[in-house]
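Here are the chains, one letter per residue:
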Amino acid sequence: MNKIRLPKTLNNNHITFLAIAVVLFWLKTYAAYQIEFKLGIDNNLQKFLLLINPLSSALFFFGIALLFKKHTKLIMISINFLLSFLLYANIAYYRFFNDFITVPVLMQTKTNAGQLGDSAISLMSPFDIFYFTDMFILIALALTVFKKVTVTNRKSFKIVLLFSITTFLFNLGLAEKDRPQLLSRSFDRNYLVKYLGAYNFTIYDVIQNIKSSSQRALADSSDITDVENYRKANYSPPNPKYFAKAKGMNVIYVSMESFQSFMIDYKMPDGREVTPFLNSLAHDNNTFYFENFFHQTGQGKTSDAEFLMENSLYPMGQGAVFVNKAQNTFQAAPAILKGYGYNSAVFHGNYKTFWNRNVMYKALGYDQFFDADYYSMSDENTKNYGMKDKPFFKESMPMLENLKQPFYTKFISLSNHFPFAMDPSDTDFPAGDYGDTVVNQYFQSANYMDQAFEQFFNDLKTSGLYDNTVIVMYGDHYGISENHNDAMAKVLGVDDITPALNAQLQRVPLFIHVPGVKGGIQKQYGGEVDVRPTVLHLLGVDTKDYMEFGSDLLSKEHRDWALFRNGDFVSSKGYQIKGKCYSPETGELLEQTDVCKDIDGKVNTELQMSDEIVYKDLLRFYEPEGYTPINPDDYEYLSPKGSKGTNAQ
Ligand code: GP9
Ligand code: MN
């Protein structure tokens, strides 16, 4: 049996065995990436990252075996088995769900394993044994060439660990270069696997879940009492003039990607309006246009805006609720409206795992999710993250018309996304001339989005839905960051962007169009957190029993301020930025004044309380009167043909 002998230096230590294990495992994992997962590799750096990303975890896990004096090879083979099993489980899961296994998925065996059911076997093929070949090779080597190797040098563990950490840091550094804030924003599992690998992703996921469940475990029902009291004391009752004025009507939300208020009524130097359609809507008789409305998002960007609008709670200071807290109990607008006969759906021309939407929408109570699988995602139709707005709205119409009414729906537009580059055939609008490519392109891309909205409104009118539908359109967050303030000063015709002006640039448009109700331009201050009570009150649903922080924008007692996630805030009387209070009119520093002081305390309390709800999952201890809790496990989003669809990016 063991006639083959390696040179003494090689076969008398486990490092050679480990090196073989690592290389085989590395190659196998890379092959699995290529064969099984559609990770959407767009550039050479991503190709390189995909190639190197299994290395650090392979070194780390196989290295653990070196800590054991005895049975080192056997332990290494067992580790190989466990990792191969994890890889294979992900492969089988991906074949069915187009997604990777996470800790919550494992916890919810009822739904996932249940759904897999009999088809689990059909997802496997005899050729899958390939994913275990390296293990068989290691067993054969251990029994032959390496049979004599028995003594382990434990020092070698430290060397391997050092190698593993160095490769990981190198990997992470390059990944962050291609995709900044990869770990803190963690927007998509596909991205994490693409950049850091399937095994590192699992480690990351386990750590996130331990962190999250320990906070949750320490909470109890008494923790919600303070929130309840605060809520009671700060509730803005509905305005009788508007309460239930849209009772029973359909609802359409439109998330206007990266759209800021300075664009409304903005004219290019040649006099052309950038967004003529939205400008006309701002002045429309049946539309409330809120010109002092602010985004309140954090790192979760679009998903934070969605979270704010439908839960009237604040997003987290770091990470995204959609990604990190999707297992929490929520009492979101779609779930509330279910009790009033509403059927709900989201339309979005991007893949379902982005921002963990496929999981979070179930927790919010969405009945249907029309994602990329429902759209013709051809090269011509897509840009950035997915469908261009015109084909997106066009292709959505038949699906919308087929929905059972009354419906509560959300359309998430995409075209107007950073860096705002357009395909030349999609625009004849002039780019800006402000010495900054991103800012220059913003005008073209916003103009295209405006045309898409006009087309959508026309289609709604033709379909007959328009007269019985409340349309809520909101800019999700800023599009032009502070890095472009030099160009923005030119756009606004000022010398420089002062702190107060910078705060004003965080305004995003909010339109609420209610058929038959007289609207008008609204000057009161508010933020995304305020939209839910405003809309629910229009639909005739009183929000006083819900744990929310928003204040109805149309209430006579509306509070007239909006906070930012960093603790700064704006109000009609003063803006507090980094602890200093500024005048909204002049932007000048207000010394020795207490206009900001009153609000300051409330801002801190609200952020703290909202964080308590989110981090400790406090809504599980609270049941609003008349509300029927939903069970996310009851929801399933099928692709058009009834399969689970594809997930290519
Ligand atoms: C992607 C879209 C854009 O699906 O929501 O995300 P963003 O980067 O704006 O958060
Ligand atoms: Mn966005």
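Each value, and the rule that gives it
Residues numbered from 1 in each chain as written. Chains lettered and ligands numbered in written order. Predicted model: local features only at pLDDT ≥ 70, side-chain atom pairs only at ≥ 80, totals over all residues. Heavy atoms only, no water. Near = heavy atom within 4 Å. Polar contact = N/O pair within 3.5 Å; in protein donor to acceptor, adjacent residues only side chain to side chain. Areas by Shrake-Rupley, 256 points an atom, 1.4 Å probe, with all protein chains shown as cover. Nonpolar A, V, L, I, M, F, W, Y, C, P; charged D, E, K, R; others polar. Buried < 20%, exposed > 50% of the residue type's maximum accessible area, 1.4 Å probe, protein only. Helix = DSSP H or I, 4+ residues; strand = E, 2+ residues; numbered from the N terminus. Pairing = 2+ DSSP bridges. Core = buried A, V, L, I, M, F, W, Y, C linked by side-chain atoms within 4.5 Å. Domains from an automatic or database assignment. Contact = heavy atoms within 4.5 Å.

Now for the site of ligand 1. Taken together, 12 residues lie around ligand 1, and Thr302, His348, Asn350, Arg357 and His417 are the ones closest in. Contacts to ligand 1 include Thr302, whose side-chain N or O atom sits 2.6 Å from an oxygen atom. For ligand 1, an oxygen atom lies 2.6 Å from a polar atom in the side chain of His348. A total of 310 Å² of accessible area belongs to ligand 1 in isolation, and the protein chains cover 98% of it. Looking at the shell around ligand 1 residue by residue, the class counts come to three nonpolar, five polar and four charged.

Counting buried positions along strand β4 (residues 343-348) yields six of six residues, so the element is predominantly enclosed. Neither face of β4 is left uncovered, since the one carrying Asn343, Ala345 and Phe347 and the one carrying Ser344, Val346 and His348 both have all their residues buried. Relative to strand β8 (residues 407-412), β4 runs parallel, the two sharing six bridges. Bridge pairing links Asn343 to Phe407 in β8. When β4 meets strand β5 (residues 368-370), the two strands line up parallel, connected through three bridges. Bridging from a neighbouring strand, Val346 pairs with Phe369 of β5.

Within the largest apolar cluster, 130 residues are counted, with the highest numbers of intra-cluster contacts made by Phe62, Tyr253, Tyr361, Leu510, Ile512, Leu539 and Phe549. When residues in this core are grouped by element, the largest group, eight residues, is from helix α4 (residues 72-97). If you count residues domain by domain, this core takes at least three from each of domain 1 (8-215) and domain 2 (223-634). Contacts of Tyr361, omitting those with residues within four sequence positions, involve Glu306, Phe322, Val346, Tyr366, Phe369, Lys410, Ile412 and Tyr637. Counting 55 residues, the second largest nonpolar core, distinct from the first, contains Met263, Ala282, Phe456 and Met473.

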